[in-house]
Amino acid sequence: MPDDRTTADPASHRVADHLREQILSGAISPGQRIRQEDVAEMFELSRLPVREALRMLAAEGLTELHPNRGARVPRLSMHEVDVVYRMREALEPLALAESMPHLTDGDVAELRDIQRDIESNDDIQRFLELDRAFHLNSYQGCAVEPLSSTVVRLWNSTQPYRRAFVALTGPGRAWIINAEHNLLIDAIERRDATDAENVLRGHIRRTRTELSLHPEIFT
């Protein structure tokens, strides 16, 4: 996948950055249309950079483009989210195994810092940002671009459902997340890829299983 930051103009990046933040934060929700003319007016731009921004976001799994109907944030069914989580169970442990040999002691220390921030935080939106940073930082050493970009795309597509789940279950389940994150850091620090993959796979599977108990999230 080419790096869109080297091929698109700065205005498109500015629009994409804004819309990305709005989608990931939940300000623009699944199924909601993104009207090019409204975005162009807000940024005082023509529609061309807005179309380019939407194309960039579509490549990241954050928007879907329909001829004659414009763009919207994808809305997934319960079954589709289950399948995406199964894909994550398969691909993220592989990305972690590819990443681990290239993570420095400083990278591991940064993961510990993020985890400390997670444990001292009680805001849902901030937790989602920190949790995303924790996992994606652990994959940063993966040099296989099709794998790393696919992992980010899968994270993007499940973000709204993860947010709804965290809001529904509240802080009562935080201790499980923290325990699994700390086990993951320990395995990474020991450079034990087998342990790290097993912990991560179970971490993702647990969320998938718990999501299946809450069909109201998808209606």
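Quick caveat: nothing in here was measured; it's all calculated off a predicted structure.

1. Focus: the nonpolar core
Part 1 of the argument: With 36 residues, the main nonpolar core has Val81, Leu96, Phe134, Tyr139, Leu184, Ile188 and Leu211 as its most contacted residues.
Part 2 of the argument: Contributing elements (two or more residues each) for this core: helix 4 (78-99), helix 5 (105-119), helix 6 (124-138), helix 7 (145-169), helix 8 (174-189) and helix 9 (193-211).
Part 3 of the argument: Element by element, the count of residues in this core is highest for helix 7, at seven residues.

2. So, the environment of glutamate 180
Part 1 of the argument: Of note, glutamate 180 is situated in helix 8.
Part 2 of the argument: The exposure class of glutamate 180 is buried, given its relative accessible area of 15%.
Part 3 of the argument: Residues glutamate 180 and histidine 203, 23 residues apart in the sequence, show an inter-C-alpha distance of 6.6 Å.
Part 4 of the argument: With near-sequence residues (within four places) excluded, glutamate 180 lies in contact with Val199, His203 and Arg206.
Part 5 of the argument: At 2.4 Å, the side chain of glutamate 180 forms a polar contact with the side chain of histidine 203.

3. Digging into the layout of surface pockets
Part 1 of the argument: Space inside the second largest pocket adds up to approximately 310 Å³.
Part 2 of the argument: As for the second largest pocket, its lining consists of 17 residues, of which Phe127, Val166, Gly170, Pro171 and Ala174 are closest to the centre.
Part 3 of the argument: Those elements that place two or more of their residues in the lining of the second largest pocket are helix 5, helix 6, helix 7 and helix 8.
Part 4 of the argument: With four residues, helix 7 is the single largest residue contributor to the lining of the second largest pocket.
Part 5 of the argument: Taken together, the residues of the lining of the second largest pocket break down into nine nonpolar, four polar and four charged.

4. A word on the pattern of salt bridges
Once their charged atoms are close, side chains differing in charge can pair, the charge on each being opposite to the other.
Part 1 of the argument: Inspection of the entire model under this criterion finds 23 salt bridges.
Part 2 of the argument: With its nearest N and O atoms 2.9 Å apart, the salt bridge here joins arginine 86 to aspartate 82. Of this pair, arginine 86 and aspartate 82 both sit in helix 4, four residues apart, roughly one helical turn.
Part 3 of the argument: Given a relative accessible area of 19%, aspartate 82 falls into the buried group.
Part 4 of the argument: Salt bridges sharing partners connect three or more residues here, namely Asp82, Arg86, Glu89, Arg205 and Arg208.

5. Things to note about the UniProt feature "domain: HTH gntR-type" (unreviewed entry) in the protein
Part 1 of the argument: According to UniProt, the feature "domain: HTH gntR-type" (unreviewed entry) maps to residues 9-76 in the numbering used here.
Part 2 of the argument: In residues 9-76, the share of helix is 54% and the share of strand is 12%. The end C-alpha atoms are 31 Å apart.

6. Focus: helix 3 (residues 47-59)
Part 1 of the argument: Over its 13 residues, helix 3 runs 19 Å from end to end, which matches the ideal 18 Å to within 8%, given 1.5 Å per residue.
Part 2 of the argument: Along helix 3, the positions that sit buried rather than exposed are Pro49, Val50, Ala53, Leu54, Met56, Leu57 and Ala58.
Part 3 of the argument: For helix 3, the secondary structure elements touched by its buried residues are helix 1 (10-25), strand 1 (33-34), helix 2 (36-43), strand 2 (64-66), strand 3 (70-72) and helix 7.
Part 4 of the argument: Once helix 3 ends, the next one or two residues include glycine 61, with phi positive near 80°.

7. Let's talk about empty space enclosed by the protein
Part 1 of the argument: Applying the stated criterion to the full structure yields two cavities of 30 Å³ or more.
Part 2 of the argument: In this structure, the largest cavity occupies an estimated 120 Å³ of space.
Part 3 of the argument: Lining the largest cavity are Tyr85, Arg88, Glu92, Asp131, His135, Trp155, Thr158, Gln159, Arg162, His203, Ile204 and Thr207.
Part 4 of the argument: When residues of the lining of the largest cavity are traced back to their parent elements, those giving at least two are helix 4, helix 6, helix 7 and helix 9.
Part 5 of the argument: The element that contributes the greatest number of residues to the lining of the largest cavity is helix 7, accounting for four residues.
Part 6 of the argument: Residue classes in the lining of the largest cavity are distributed as three nonpolar, five polar and four charged.
Part 7 of the argument: The space that makes up the second largest cavity amounts to roughly 60 Å³.
Part 8 of the argument: Ile23, Gly61, Leu62, Val73, Pro74, Asn156, Ser157 and Pro160 together form the lining of the second largest cavity.

What counts and how
Residues numbered from 1 in each chain as written. Predicted model: local features only at pLDDT ≥ 70, side-chain atom pairs only at ≥ 80, totals over all residues. Heavy atoms only, no water. Core = buried A, V, L, I, M, F, W, Y, C linked by side-chain atoms within 4.5 Å. Buried < 20%, exposed > 50% of the residue type's maximum accessible area, 1.4 Å probe, protein only. Helix = DSSP H or I, 4+ residues; strand = E, 2+ residues; numbered from the N terminus. Contact = heavy atoms within 4.5 Å. Polar contact = N/O pair within 3.5 Å; in protein donor to acceptor, adjacent residues only side chain to side chain. 1 Å grid on protein atoms, 1.4 Å probe; cavity = no way out; pocket = protein on both sides within 12 Å on 5 of 7 lines; lining within 4 Å. Points joined across faces, edges and corners; volume = space filled by probe spheres on them. Nonpolar A, V, L, I, M, F, W, Y, C, P; charged D, E, K, R; others polar. Salt bridge = Lys/Arg side-chain N within 4 Å of Asp/Glu carboxyl O. UniProt positions renumbered as here; feature names shortened; annotations may be inferred. Expected span 1.5 Å × (residues − 1).

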